[in-house]
Amino acid sequence: VKETATALNLYDAGKLDRVLLTGEYAKQFRDTPEYKITTEARSAYMQYNQLREGKKTIFANENMRKAVAYSYDQDLLANEILANGSQILTGLVPADLAANPKTGEDFRKESGDYLQFNQKEAKKYWELAKKDLGVDKVEFDLIADDDESNKKISAFLKDQIETSLPGTTVNVRSLPFKVRLEVATNQEYDLQQGGWGADFADPVNFIDLLQTDGAYNRSGYSNKEYDALLADSKGKNANDPEARWTNLLDAEKILLDDAGVSPMFQRAAASLQKPYVKGIYSHQVGAQFTYKNAYIEEHE
């Protein structure tokens, strides 16, 4: 059920046992006993397609990528637009996924903060990009899934980018998931609201995504030093946990210094769930939920 208002009506009528909430709905019900937040090791980020139909896009230009990366407010997005427990993301790898094998420090904390909202920086890189590209105005598309939450995010990003970067026009394309995935795989887009959830508790699960010509690199990003560090983490340093950890920290730094992607938020889910629903388990990594032990407690 894509519309939250419809889902809530069904929930109130006893025809749904669980409903997801975002934005104003999440704020409205956050103090009720049936309100729950489920956190995830899942990153949402902006993906910049650098090659489309055999030609370089404007996002092959690093200054253009950085202009957009600095143009939107992650805090406002996480806490006001979503308001469902999602947190500001400061890199590609999410928080609470993996710890330094020697010190125990979380990867996200040790790696640091990258590409956080800064209108002054956004305008600086926009001016540089215009000179590089020889234009005063640009128009590009932004693809995302067509559910209610992603539509809100798209509208927010369009407003933020166009406001921070005068002369830009963002055309939002809200697509069914399978269509969006096909469009992304074929690199028939300019900007994408991308995301990835951890399959296993290791930073390489995310760093691996942007390897040159990798199966999930749907943007044309390529950096030889990045690839070499990734290869070392899987090869010569595979059995040296500390050296491997450093490889992955260094690789993330290269990716984000390049603005190969730019962070948006670390996903969480707010929901209302009937009290008679029991035995559903949530997971940070891998499949989000386990339902095999779920049951409905007898109720009137």
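Residues numbered from 1 in each chain as written. Predicted model: local features only at pLDDT ≥ 70, side-chain atom pairs only at ≥ 80, totals over all residues. Heavy atoms only, no water.

Glancing now at the pattern of salt bridges. Pairs may arise between side chains of opposite charge once their charged atoms sit close together. Applying the stated criterion across every chain yields a total of 16 salt bridges. For arginine 42, the salt bridge is made with glutamate 40, and the minimal N-O distance between the two is 2.8 Å. The shortest N-O distance in the salt bridge between arginine 173 and aspartate 141 comes to 2.7 Å. With a gap of 32 residues between them, arginine 173 in strand β7 (residues 168-175) and aspartate 141 in strand β6 (residues 138-145) connect regions that are remote in the sequence. Assessed through its relative accessible area of 27%, arginine 173 is described here as partly exposed. Each of Arg52, Asp141, Arg173 and Asp190 takes part in one network of salt bridges that share partners. (Salt bridge = Lys/Arg side-chain N within 4 Å of Asp/Glu carboxyl O. Helix = DSSP H or I, 4+ residues; strand = E, 2+ residues; numbered from the N terminus. Buried < 20%, exposed > 50% of the residue type's maximum accessible area, 1.4 Å probe, protein only.)

What follows is about the environment of phenylalanine 177. As for its position among the elements, phenylalanine 177 is in helix α8 (residues 177-185). Spatially, the C-alpha atoms of phenylalanine 177 and alanine 243 are 38 Å apart, while their sequence positions differ by 66 residues.

All right, on to helix α4 (residues 74-82) then. All of the buried residues in α4 are Gln74, Leu77, Ala78 and Leu82. When α4 is viewed along its axis, its buried side chains cluster within an angular range of 90° and face the same direction. Where α4 is buried, its residues contact α2 (23-29), α3 (62-69), β5 (87-88), α7 (148-164) and β9 (261-273). Of the residues trailing α4, alanine 83 is marked for its positive phi of about 55°. (Arc of directions from axis to C-beta. Contact = heavy atoms within 4.5 Å.)

The phi dihedral of glutamine 187 falls on the positive side, at around 55°, and the residue is not glycine. Mapped onto the fold, glutamine 187 is located in the loop between α8 and β8 (191-197). Overall, the relative accessible area of 16% leaves glutamine 187 in the buried class. Backbone geometry at aspartate 213 places phi at a positive 60°, although glycine is not the residue there. By the secondary structure assignment, aspartate 213 is in the loop between α9 (204-207) and α10 (224-234).

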